[in-house]
Amino acid sequence: MCKTVFRRLIGAVITLFCATLVLFIIIRLAPGDPIEIMLGRPGDLAIKNTPAYEARVAELHAQLGLDQDMLTQYGQWLKRLVSLELGTSIHTGREVSIEIAERIPATLMLSLAAILIQLVSGVVFGIISAIRAGKILDHVIRLFCVFFASVPAFVIGLVLLMFFAVTYHIYEISGDANIYRLWLPAITLGLVGAPQLIRMVRANILSELGQTYIVSAISRGLPKKQIMRHALKNAMLPIVTMMALSFTNLIAGSVVIESIFSWPGIGNYAMNSVLLHDYPVIQGYAVIMVSVVIMANLLVELLYMLIDPRLRKRSRLERGLENE
Amino acid sequence: MKKSITTALVLALCACLFLLSGCGGASTSESSTPGTSASPSTEPSTTSPDEVVDNRELRIAGREIAVGLNPTVPIVADYLVNMGAGELLFKANAGGIIEPSLAAGVEEIDPTTWEIKLRPEACFWSGKPVDADVVIDSLEHSRETDLKAQPFLEGMSFSKLDDYTIQVKTTLEHLTVPLNLSYLQLVIHNVEPPYTYEDLNTIDFTGMYKIVEFVPKQRMVFEVNNEYWGQKPTIERIIQEEIGDEQTRTLAALSGRYHVVMNIPASSMAQFAGSNVAQISAVPPANTETIYLNLNQPQLQDYRVRQALSWGLDRDELNLLGAEGQSTPVTTWLGSNPAFSEAKNTFFKYDFDKASALLDEAGWTLGGDGIRYKDGMPLTLRLMTWGVDKALGEALQNQWSKLGIQATVQHGDYGLIETARGTGDWDAFIEAWGTFGNTASLLKGQYSPAGGANYGGYDDEETNQLLDSLSSASDETERHELAILIIERVAKQSPVICVYPRPELTAVSTSLDGFTPHFRQFENVINSNLRIVD
């Protein structure tokens, strides 16, 4: 087990290194200079093309190391990264790590709430749909799945906002991240993500119910509850993977929902930084997200080993063969 | 099995109820005391929904808020002035007249000398008097560090006559000193140590509201400055928040939580019709949606083609399709400036036949496929748009296509336009510069060969001469006449096409009294007469 974890960790570090290189190049390929964007926003007077403007741009380039060649810039960034420094935002002048740390709790709170809704509704409605396959309740749940899977998240979000904030005044639109503002974006994300899980749980359970061990259990007269427990245990594996992926997606990519609900999370922050070409922020955000995805995948693999006795057995067998 | 389903449903319901526990009449009111340092509210807080918004608390939302507190950093000063925290020596009133603000008065002693009287009763938040030394230091600090402020201080030198009188010497005669000093980036700030403008503890302004909480790009909280020299506001506290999404801003205004919501998209106008919660305030601003043409492109080198592009535009329809009818057409760049309202629609009234004739005359003949050709090459135009101009771009494409121009629209990030400008690979793009200010500087920026907004490479001898004359003109009437002559000349050459002032819509709650519509609304939301009524 330890050897497997170690092997996976080495793989993760290599993946992270490759990701930093790709990220650095892709970010720099985007058109537009961050300094010029910061200084040259249209306003009252055209200040570009003046010696003072050119001098200021050059000064800021030098200050932020943007005047150096790409390789040097990458090397310096990597050096800072190793010492866990993400640099300073071009636009706010604040440390990226601090800015990200300020927003992570809001995103985590939203992601956890959304994942809880997804998990509960996914498992519950998936089981009901499987048990009632072909019946009215199953059709209703499947219709619900098709509807929420096909309507874009921003439409659902705006409709819910209109309904709860404007019509009934039971939701507050503001820039705060607090427990009282959590429920609506969480429900929106939950509704958007649940259909996939419901369909998967339903399909897996139906598939398991057709297995010979279930037929054998039925023929032995086992109670339905116990049979379902067996089936559910085996249907859980893909759900774990899906939830982990869904969670990483929620952390990294709930940009639209965060923007619509004015939720001060990391997605919204990253989106604004992309528009402003704030290199240190985009890079910092991307590295953290890549790390989260890698860690989540690693955890899933470990969870698999814990949940699935076959994998544990295989791991033990491999170890035995190596010892021989 | 039925029992299991019921149990499962109950469990699901419980989980949802747990999350829904936050549901309720959620209006939060955070308490903060003066001097509180920035405390990010992204940290999950547990503010009770039962706390009711104080009647003396004003809530404002906008597309963005300040990223910092340093007034010499681009666009920070805008927010400080708008929220009544920062003050300028002079300010434009709703009619476009420059009036003393932090200054008590101004007098032109001779063509190159002005005297500015300060208010002995005015103090900074720290209690330091706003005297001549501090004001001169503030202006010099802006000159040193602020790129945007520099053109407005060019040719001006300041000296102290007495504690509350500043003498301004100008290199040019009759320089518009009060107008220049009304520029937003010239907020008067105390630059003595320890005021470095890095955080809440190192700022010192003069406004009627003090900043007591600041979360960059998220929220600013202001509380009334009890030592304010002027009329004290009745509203004690202001909360300004950033709501990035335009649809959410609309819903935020309609929800009634905010008293003022800025940057409402024109497409949301219909949602406010008949609303008893909020109404839209839309004064045409002093800026012009301008289509900049790349004069280095072969098809745009002929002035007749450029003129045809302008004659062929039905600006009333563009206003309807691009701005939901919330603007007014202008055909000259300075036309959106209240001082040049007579030049609003001097040229280029919609004339499709004239536009077609000009294109024919330039050798672009209509082919069987409805496209105009010259020497076998189609007449093409690629228009780049960004931000709120997507609908306008599509409306322009439609109108130019009717003329036989193969027009395409590329909508995207502003960075794409900047890159295209850098490489020269562009035909046309839309941008809206402010037109209120020193006319000579503004026109030079747009039409002189070295002008920062002369993107298309316009270089016309007659225009250059007129610009030089304008810069050295000593009399306001002469300056006005020269500006009109420049407008005429530029219209004939058509290096740009003007459409309408980009509408700036503000949603104002029906419970707010004293809101003043202004052509520069972005610096005039807060005033001391604002009152929240039931």
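Sequence order as written defines residue numbering, which begins from 1 separately in each chain. Note on labels: chains are lettered from A, ligands numbered from 1, in written order. pLDDT decides what is reported in this predicted model: residues at 70 or higher carry local features, side-chain atom pairs at 80 or more are listed and counted, and totals for whole chains, interfaces and linings draw on all residues regardless.

## Looking at the overall build of chain B
In step 1: Assigned secondary structure in chain B consists of 15 helices and 23 strands.
In step 2: When each of the 534 residues of chain B is scored for burial, the buried share is 49%.
In step 3: In chain B, the share of contacts with a sequence separation of at least 24, taken over all contacts with a separation of at least 6, comes to 67%. Numbering of helices and strands starts at the N terminus; helices are DSSP runs of H or I of at least 4 residues and strands are runs of E of at least 2. Counting other C-beta atoms within 10 Å of its own, a residue is labelled buried from 20 upward, exposed at 12 or fewer, and partly exposed in the gap between, with every C-beta atom placed from the backbone. Working definition of a contact: two residues with C-beta atoms, positioned from the backbone, lying within 7 Å.

## A short note on the overall build of chain A
In step 1: Scanning chain A for helices and strands turns up 14 helices and 0 strands.
In step 2: Reading the helices (α) and strands (β) of chain A from amino to carboxyl end gives α-α-α-α-α-α-α-α-α-α-α-α-α-α.
In step 3: In terms of C-alpha radius of gyration, chain A reaches 25 Å, well past the compact-globule figure of 20 Å for 324 residues.
In step 4: Taken across its 324 residues, chain A has 36% of its residues classed as buried.
In step 5: When contacts within chain A are restricted to residue pairs at least 6 apart in sequence, those whose partners lie at least 24 apart make up 75%. Put simply, the radius of gyration uses C-alpha atoms, and a globule should come to 2.2 Å times the residue count raised to 0.38.

## Some remarks on the packing of helix α13 (residues 439-447) of chain B against helix α14 (residues 461-472) of chain B
When two helices pack together, their arrangement is given by the angle between the helix axes and the distance between those axes.
Residue and element names in this part refer to chain B.
In step 1: Where α13 meets α14, the closest approach of the two axes is 9 Å, and the angle between their N-to-C directions is 155°. The orientation of α13 with respect to α14, classified from their angle, is roughly antiparallel. Like other packed secondary-structure pairs, α13 and α14 cross with a definite hand, here left-handed. Judged by residue contacts, T439, A440, L443, K444 and Y447 of α13 engage T463, L467, L470 and S471 from α14. Axes here refer to lines fitted to C-alpha atoms; in helices the fit is confined to the stretch in contact. Angles between the N-to-C directions go from 0 to 180 degrees. Here the angle decides the label: under 35 degrees means roughly parallel, over 145 means roughly antiparallel, 65 to 115 means roughly perpendicular, and every other value means oblique. Note: crossing handedness is left-handed where the near helix turns anticlockwise from the far helix by less than a right angle, and right-handed where it turns clockwise.

## A look at the sheet that holds strand β18 (residues 406-411) of chain B
Residues and elements named next belong to chain B.
In step 1: Spatially, 5 strands are ordered β18-β17-β19-β13-β20 in an open sheet, and the strand pairing comes out mixed. The sheet terminates laterally at β18 and β20 (496-498), the two strands that pair on one side only. Sheet twist, expressed as the average angle between the axes of neighbouring strands with direction ignored, equals 30°.
In step 2: Note: strand β13 (residues 287-293) against strand β19 (residues 428-434), 7 bridges, orientation antiparallel. In the sheet register, Y292 faces β19, and the bridge partner there is F429.
In step 3: Packed on one face of the sheet, helix α11 (residues 390-402) meets β13, β17 (380-385), β18 and β19 and runs near 175° to β18. For two strands to be treated as a pair, DSSP must find no fewer than two bridges joining them.

## Here we look at helix α15 (residues 476-493) of chain B
All names here are of chain B.
In step 1: Any helix carries an expected span of 1.5 Å times its number of residues minus one. For α15, which comprises 18 residues, the first-to-last C-alpha distance of 26 Å matches the rise-based estimate of 26 Å (1.5 Å per residue) to within 8%.
In step 2: Restricting attention to buried positions, one finds in α15 the residues R479, L482, A483, I486, I487, V490 and A491.
In step 3: At its buried positions, α15 is contacted by α13 and α14.

## Re the environment of B:P151
In step 1: With respect to the secondary-structure elements, B:P151 resides in helix α4 (residues 150-153).
In step 2: Along the sequence, B:P151 and B:G422 sit 271 residues apart, while their C-alpha atoms lie 24 Å from each other.

## Topic: the sheet that holds strand β8 (residues 209-215) of chain B
All names here are of chain B.
In step 1: Read from one edge of the open sheet, 7 strands run β8-β9-β10-β1-β11-β21-β12, paired in mixed fashion. Here the strands that pair on one side only, and so sit at the sheet edges, are β8 and β12 (278-281). Going from strand to strand, the sheet's axes swing by 20° on average, the running direction of each strand aside.
In step 2: Bridge count for β12 against strand β21 (residues 505-509) is 4 bridges, and the pairing is antiparallel. Within the sheet, the bridge partner assigned to A278 lies in β21 and is S509.
In step 3: Contacts from helix α6 (residues 246-255) reach β1 (57-62), β11 (260-264), β12 and β21, with the element oriented near 155° to β11.

## As for the environment of B:R143
Residues and elements named next belong to chain B.
In step 1: Considering the arrangement of structural elements, one finds R143 in helix α3 (residues 132-145).
In step 2: In sequence terms R143 and L153 are 10 residues apart; their C-alpha atoms lie 6.7 Å from each other.
In step 3: Ignoring any residue separated from it by four or fewer positions in sequence, one finds R143 in contact with A149, Q150 and L153.

## As for unusual backbone geometry
Leaving glycine out, the prevailing phi sign among residues is negative, and the prevailing peptide bond configuration is trans.
In step 1: Note that the residue after B:P193, namely B:P194, is joined by a cis bond; omega there is 10°.
In step 2: Along the chain, B:P194 falls in the loop between α5 (177-180) and β8.
In step 3: The backbone of A:L84 shows a phi angle near 60°, a positive value even though the residue is not glycine.
In step 4: Structurally, A:L84 can be placed in the loop between α4 (70-82) and α5 (96-131).
In step 5: One non-glycine residue with positive phi stands out, namely B:H174, at about 55°.
In step 6: Structurally, B:H174 is set in the loop between β7 (165-170) and α5.

## Some words on the packing of α13(B) against α15(B)
All names here are of chain B.
In step 1: Put simply, α13 and α15 touch, their axes get as near as 11 Å, and they point 15° apart. Classified by the interaxial angle, the pair formed by α13 and α15 is roughly parallel. Once α13 is placed against α15, the crossing between them reads as left-handed. Across the interface between the two elements, T439, L443 and Y447 of α13 pack against R479, A483, I486 and V490 of α15.
In step 2: Polarity classes work like this: nonpolar for Ala, Val, Leu, Ile, Met, Phe, Trp, Tyr, Cys and Pro, charged for Asp, Glu, Lys and Arg, and polar for all others, with Gly in that last group. The class makeup of the residues in the contact of α13 with α15 is 5 nonpolar, 1 polar and 1 charged.

## Some details on helix α8 (residues 179-209) of chain A
In step 1: The largest bend along α8(A) measures about 40° and falls at A:A194, with the proline A:P195 one to four residues further on.
In step 2: Across the 31 residues of α8(A), 22 count as buried, placing the element largely inside the fold. Two axes enter the bend calculation: one fitted to the seven residues ending at the residue in question, the other to the seven starting there, and the bend is the angle between them.

## A look at the environment of B:N287
All names here are of chain B.
In step 1: Relative to the elements of secondary structure, N287 occurs in strand β13.
In step 2: Residues N287 and W433 lie 146 residues apart in sequence; the distance between their C-alpha atoms is 5.4 Å.
In step 3: Discounting residues that sit within four places of it in the chain, N287 has contacts with S336, A432, W433, G434, T435, P501 and R502.

## Points about the pairing of β17(B)
Residues and elements named next belong to chain B.
In step 1: Both β17 and β18 contribute to a ladder of 6 bridges, which runs parallel. Along β18, the bridge assignment pairs T380 with Q406.
In step 2: In the classification by handedness, the crossover that spans β17, the intervening α11 and the parallel β18 is right-handed.
In step 3: Bridge count for β17 against β19 is 2 bridges, and the pairing is parallel. Residue pairing in the sheet places M384 in a bridge with F429 of β19. Handedness of a crossover: with both strands directed away from the viewer, a clockwise path from the first strand across the helix to the second marks it as right-handed.

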